[in-house]
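Secondary and tertiary structure notes
Residue strings, one per chain:
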Amino acid sequence: SKTPVKVAVTGAAGQICYSLLFRIASGALLGDTPVELRLLEITPALKALEGVVMELDDCAFPNLAKIEIGDDPKKVFDGVNMAMLVGAMPRKAGMERGDLLSANGAIFTAQGKALNDVAADDVKVLVTGNPANTNALIALSNAPDIPKEQFAALTRLDQDRAKAQAAQKLGISVNDVKKMTIWGNHSATQYPDLFNAEANGKSIAEQINDQAWIEDYFIPTVAKRGAAIIDATGLSSRASAANATVSCMHDWALGTPENDWVSMAVVSDGSYGVEEGLVSSFPVTIKDGKWEIVQGLDINEFSRGKIDASVAELVDEKKAVTELGLI
Ligand code: NAX
């Protein structure tokens, strides 16, 4: 039998994790490779987390080897091969942007340091908790011994939202939508790129041939989908965010298919004019557990403006967390 892969998940008693943990445990992450779950929560949420663990036990998942819970990242992250950082401080009424950044800064500096000290050498760290790109930047900056390439922030949900909207517009299956890129920040400034996306080998933007639909419907629908879901349900995206987190880590570990790519926010090497060192979303291909930014794509003037605007927001966020001494 194979050695279990140790998977840490933070915010484990929260809404996203109520889907995420069951998807991981049932095999959506690694098939029939056994997994050991390491679940981190804040102390007051440990009792609720114990209830979630009871339900995980009650599923008798064949490939769930073990579950450990705790409130100390140094213990929970010990030897982990994967870390999904979902737990974060939500923005509360009256909270300034700086307050949000410092509250999350405290979480992601501590978790970055703990991963640096105790995680397995091959750890892959995926940040879902918002502001995801900048939280990932804080974590990697506080983990100097872990290669920066082993950190990413989630833009897979945005990618999958964009795929669904494009497929519906063209009246085709999502399976036929390939090469969907999200550029920039996981925020309202993100840029979902239909020019480089393909259906049946041809540019989706060309097939739709309606710039007004792209600008006035498609982009805002994808970028503001989270708000639409809050409006409808009273809660932010849960199952779809969990699905995206599992899908992203699955592909990071097991690779992307031929002739396709996925979107992940990763540390920039300066590709496409994105300032080096920012954690920004790019199209990536993955092989043997390592991602590479897809090179040589055509960026038209419209796309250039959108990418630059989102990257400018990341530059601002980086400046703010630098001033707060978090990186
Ligand atoms: P919840 O508030 O339901 O759960 C968050 C959990 O994190 C809580 O149980 C809390 O106790 C825990 N937590 C707080 N500080 C912690 C710490 N230091 N260590 C461990 N756990 C800690 O939020 P949920 O709906 O699950 O969303 C989680 C995060 O995902 C939020 O930041 C949310 O904004 C973000 N999202 C990111 C998305 C993405 O695509 N990147 C989409 C969905 C979602 O908006």
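Fair warning: this is a prediction, and the values are worked out from it, not measured in the lab. Residue numbers restart at each chain and count upward from 1, following the sequence in its written direction. In view of the model being predicted, local features appear only for residues whose pLDDT reaches at least 70, and side-chain atom pairs are presented and counted only at 80 or more, with totals across whole chains, interfaces and linings using the full set of residues. Values shown for side chains rest on all heavy atoms present in the structure; no hydrogens or waters enter the calculation.

**Quick notes on the overall build of the chain**
Here is the rule we go by: Under the DSSP-based scheme used, a helix requires at least four consecutive residues in state H or I and a strand at least two consecutive residues in state E, with every element numbered from the N terminus. All radius of gyration figures rest on C-alpha atoms, and the globule criterion is 2.2 Å times the number of residues raised to 0.38. Here's how the labels work: a residue is buried when its accessible area is under 20% of the maximum for its type, exposed when over 50%, partly exposed in between, all with a 1.4 Å probe on protein chains only. Contact criterion: two residues are considered in contact whenever any of their non-hydrogen atoms come within 4.5 Å of each other. Computed with the Shrake-Rupley method and a 1.4 Å probe, the accessible areas treat only the protein chains shown as cover for residues. By the counting rule applied here, Lys and Arg register as positive and Asp and Glu as negative, while His and the ends of each chain are not counted. Think of each charge as sitting on NZ of Lys, CZ of Arg, CG of Asp or CD of Glu.
The secondary structure content of the chain amounts to eleven helices and 14 strands. Relative to the 2.2 N^0.38 estimate, which gives 20 Å for 327 residues, the radius of gyration of the chain is 19 Å and therefore close to what a compact globule would have. Viewed in the frame of its principal axes, the chain has a C-alpha envelope of about 55 × 45 × 40 Å. Here the chain holds 327 residues, and 53% of them are scored as buried. Restricting to contacts in the chain with at least 6 residues of sequence separation, those with at least 24 account for 72%. Accessible surface, the chain as shown: approximately 14400 Å² in total, 49% of it carbon and sulfur. In the chain, 30 positive and 43 negative side-chain charges are present, and the distance between their average locations comes to 2 Å.

**Quick notes on the side chain of Arg156**
Keep this limit in mind: Polar contact criterion, stated in full: a pair of N or O atoms within 3.5 Å, where within protein one must be able to donate a hydrogen and the other to accept it, and residues adjacent in sequence count only if both atoms are side-chain atoms.
As for its placement among the helices and strands, Arg156 is situated in helix α6 (residues 156–170). For Arg156, a relative accessible area of 10% corresponds to the buried category. Polar side-chain contacts of Arg156 include one of 3.0 Å to the side chain of Asp251. When residues no more than four places from it in sequence are discounted, the contact partners of Arg156 are Ala244, Ser247, Cys248, Asp251, Val262 and Ser263.

**So, the site of the ligand**
We count it as follows: Only heavy atoms are used to decide nearness, and a residue is near a molecule or strand if one of them lies within 4 Å of it. Here the nonpolar group is Ala, Val, Leu, Ile, Met, Phe, Trp, Tyr, Cys and Pro; Asp, Glu, Lys and Arg are the charged ones; every other residue, Gly included, is treated as polar.
Within the structure, the ligand sits among 22 residues, and Gln15, Ile16, Glu41, Thr128 and Asn130 are positioned closest to it. Here an oxygen atom of the ligand and a side-chain polar atom of Glu41 are 2.6 Å apart. A distance of 3.4 Å is found between a nitrogen atom of the ligand and a side-chain nitrogen or oxygen belonging to His186. In the complex, the protein chains occlude 81% of the 870 Å² of accessible area that the ligand would expose alone. Of all elements in the fold, only α1 (15–26) and α4 (97–118) reach the threshold of two or more residues within the shell around the ligand. Tallied by class, residues from the shell around the ligand come to ten nonpolar, eleven polar and one charged.

**Structural notes on the confidence of the model for the chain**
Note the following rule: pLDDT measures how confident the predictor is about each residue, on a scale from 0 to 100.
When pLDDT is averaged along the chain, the result is 97; 100% of the residues meet or exceed 70. Both confidence scores are given for the complex: pTM 0.98, ipTM 0.99.

**What to know about helix α11 (residues 301–323)**
So the rule is basically this: What a helix should span is 1.5 Å times the count of its residues minus one.
For α11, which comprises 23 residues, the first-to-last C-alpha distance of 33 Å matches the rise-based estimate of 33 Å (1.5 Å per residue) to within 8%. By the burial criterion, the buried members of α11 are Ser303, Ile307, Ser310, Val311, Leu314, Glu317, Ala320 and Val321. Close packing links the buried residues of α11 with α4, α5 (132–141), β8 (181–183), β9 (191–193) and β13 (279–287). Where α11 begins, the capping side chain belongs to Asn300, and its oxygen is found 3.3 Å from the backbone nitrogen of Phe302.

**Here's the deal with the packing of α4 against α5**
Put simply, the test is: The axes are straight lines fitted to the C-alpha atoms, using for helices just the contacting stretch, and the angles between their N-to-C directions are given from 0 to 180°. Each angle receives one of four descriptions, namely roughly parallel if under 35 degrees, roughly antiparallel if over 145, roughly perpendicular if within 65 to 115, and oblique otherwise. Less than a right angle of anticlockwise turn of the near helix away from the far helix marks a crossing as left-handed, whereas a clockwise turn marks it as right-handed.
One can describe the packing of α4 onto α5 by two numbers: an axis separation of 8 Å at closest approach and a directional angle of 40 degrees. Here α4 lies oblique to α5, going by the angle between them. α5 is crossed by α4, and the crossing has right-handed handedness. Residues Leu101, Asn104, Gly105, Phe108, Thr109 and Gly112 of α4 pack against Thr134, Asn135, Ile138 and Ala139 of α5. Considering only residue class, the contact of α4 with α5 consists of four nonpolar, six polar and no charged.

**Let's talk about the nonpolar core**
Quick note on the threshold: Nonpolar core, defined: a set of buried Ala, Val, Leu, Ile, Met, Phe, Trp, Tyr and Cys residues in which side-chain atoms within 4.5 Å join the residues together.
By size, the foremost hydrophobic cluster in this structure holds 74 residues, and its most contacted members are Val7, Val9, Leu20, Ile24, Leu56 and Leu194. Here Leu194 is in contact with Ala166, Met180, Ser203, Ile204, Ala205, Ile208, Trp213, Ile214 and Phe218, once residues within four sequence places are set aside. Counting 31 residues, the second largest nonpolar core, distinct from the first, contains Phe77, Ile146, Val279 and Ala320.

**A few points about the environment of Lys202**
Within the fold, Lys202 resides in strand β11 (residues 202–203). Note on Lys202: relative accessible area 51%, which makes it exposed. A C-alpha to C-alpha distance of 20 Å links Lys202 and Thr256, two positions 54 residues apart in sequence. If sequence neighbours within four positions are ignored, Lys202 has contacts with Ala197 and Gln207.

**Quick word on the pattern of salt bridges**
Put simply, the test is: The rule for a salt bridge is simple: a side-chain nitrogen of Lys or Arg has to be within 4 Å of a carboxyl oxygen of Asp or Glu.
Evaluated as defined, the whole model comprises eleven salt bridges. With a shortest N-O distance of 2.8 Å, Arg38 and Glu36 are connected by a salt bridge. Taken as a pair, Arg38 and Glu36 share a single burial class, namely buried. Put simply, Glu36, Arg38, Lys66 and Glu68 are held in one network by salt bridges that share partners.

**Digging into the pairing of strand β3 (residues 64–70)**
A regular strand places its side chains on the two faces of the sheet in alternate fashion. Basically, it comes down to this: One bridge is not enough; two strands pair if DSSP finds at least two bridges between them. When the strands point away from the viewer, a crossover counts as right-handed if the route from the first strand across the helix to the second turns clockwise.
Pairing analysis gives six bridges linking strand β2 (residues 35–40) to β3, with the strands arranged parallel. Each bridged residue has a counterpart across the sheet, and for Leu40 the counterpart in β3 is Gly70. With helix α2 (residues 46–58) bridging β2 and its parallel neighbour β3, the resulting β-α-β unit is right-handed.

**So, the sheet that holds strand β10 (residues 198–199)**
Read from one edge to the other, the open sheet built from three strands follows the order β7-β10-β11, with strand pairing classed as antiparallel. Taken across any chain shown, the strands that pair with only one partner, and hence form the sheet edges, are β7 (177–178) and β11. Where β7 and β10 come together, two bridges link them in antiparallel fashion. By the bridge assignment, Val177 is partnered in β10 with Ala199.

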